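# Remarks on the overall topology
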Amino acid sequence: MNYRHAFHAGNFADVVKHTILTRILAYLLRKEAPFRVIDTHAGIGMYDLYGDQAERTGEWQDGISRLVERDLPPSVGDILAPYLDAVKAQNEGGELRYYPGSPFITRHMLRKQDRLMALELHPKDAESLRENFAGDFQTRVTHLDAWAAMGTHVPPKENRGLVLVDPPFEEKGEFNRMAQGLAKAYKRWPGGTYAFWYPIKDVSEVDTYVKALKATGIKKILRLEMTIRPASEPPRLHGTGMIVVNPPYVLEEEMRAVLPFLADTLGVDGQGKWLVEWIAGE
């Protein structure tokens, strides 16, 4: 499958992915010490929901659009607040027109002592990303293969932070590359937090990926998933997942609170489901 960001900006998978991202960042912000976020597949950073690519799929209408129209229970609203604040910051006047990708969501939450390293392999996307962050000294945009970076760009000098891995799944073997990339990076920086996003389309591929993660011997691996409909034959995208290594201690509880609400909001005809489980650890 091809999961180029521009076609799917603001869809159900982005809502879940970026909710998790903002909760990890919120935890990092609890301490004054600086941290760095390494975004390995950063895309162009900002997406016009009325643009040709987003309009072609219209997936955002069943994602972020549904969420912003819902009344939020206080407990859920507190968890979603940083994410929704980052979206609102790009949409003056209340109209939902632009959707910030992970680099802009991250940048929205950084303090003056924190840094963002945004990597992108697509030449045109990398150039657009660089233009979007022109003049921002806290953000470094690099045209680079993310899988090479996993062995060279960790640990960051701050020795605190997050590696966010969000591949487009344009080529076969992405699940294998993620498992291998994690193992490589973890050896260099075992104390870092890692978040690996994946689409749920072929359940057998996900099961094989989970087995590969267990085989790494990494001590703390949290699995977070949400599906909007049952699996089908032939396979099509029906869910989204995130693997978090060394997650904040509060993340499991927060996801158990918010994922049921998101599954109810974004699921098709009441078929949404969610999963929170430890692959290794707690």
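Read on for a plain summary of the structure. Counting from 1, residues in each chain are numbered in the order their sequence is written. With the structure being a predicted model, the display of local features is reserved for residues of pLDDT at least 70 and the display and counting of side-chain atom pairs for 80 or more, all residues being used for whole-chain, interface and lining totals. As a rule here, side-chain values come from all non-hydrogen atoms in the structure, and water together with hydrogens is ignored.

Attention shifts here to empty space enclosed by the protein. Think of a 1 Å grid over just the protein atoms. A cavity is a set of points where a 1.4 Å probe fits yet cannot get out, a pocket is an open set with protein on both sides within 12 Å along at least five of seven lines, and lining residues have an atom within 4 Å of a point. Grid points are joined across faces, edges and corners, and a volume is the space filled by probe spheres set on the points. Taken as a whole, this structure holds one cavity of 30 Å³ or more when the rule is applied. Taken as a whole, the largest cavity holds about 60 Å³ of empty space. Around the largest cavity, the lining comprises 13 residues; the ones closest to its centre are H5, H18, Y47, G101 and S102. At the level of elements, helix 2 (12-28) and helix 6 (102-109) are the ones that each hand at least two residues to the lining of the largest cavity. Only DSSP runs of H or I covering at least 4 residues are called helices, and only runs of E covering at least 2 are called strands; the numbering of each starts at the N terminus. At three residues, helix 2 tops the list of elements feeding residues into the lining of the largest cavity. Taken together, the residues of the lining of the largest cavity break down into four nonpolar, six polar and three charged. Side-chain classes are defined by residue name, with Ala, Val, Leu, Ile, Met, Phe, Trp, Tyr, Cys and Pro counting as nonpolar, Asp, Glu, Lys and Arg as charged, and the others, Gly among them, as polar.

With that settled, consider the pairing of strand 7 (residues 193-200). In the case of a regular strand, side chains alternate between the two sheet surfaces. Across the eight residues that make up strand 7, a large majority, eight, are buried. In the sheet, strand 6 (residues 161-165) pairs with strand 7 via four bridges, with the strands oriented parallel. Of the residues in strand 7, the one forming a bridge with L162 is T193. After leaving strand 6, the chain enters helix 9 (residues 174-188) and then returns to the sheet as strand 7, a path that is right-handed. A 1.4 Å probe rolled over the protein chains alone gives each residue an accessible area, and that area as a share of the maximum for its type sets the label: buried under 20%, exposed over 50%, partly exposed in between. Only strands joined by at least two bridges in the DSSP assignment are considered to pair. If you view a crossover with the strands going away from you and the path from the first strand over the helix to the second runs clockwise, you call it right-handed.

On to the sheet that holds strand 5 (residues 139-143). Spatially, the eight strands line up as an open sheet ordered 5-4-1-6-7-9-8-10, and their pairing is mixed. Every other strand in the sheet has two partners, leaving strand 5 and strand 10 (273-280) as the edge strands with one partner each. The sheet shows a mean angle of 15° between the axes of neighbouring strands, direction not considered. Where strand 7 and strand 9 (residues 239-245) come together, seven bridges link them in antiparallel fashion. Pairing of I200 across the sheet is with G239, part of strand 9. Here an axis means a line fitted to C-alpha atoms, over the contact stretch when the element is a helix, while the angle between two N-to-C directions is reported on a 0 to 180 degree scale.

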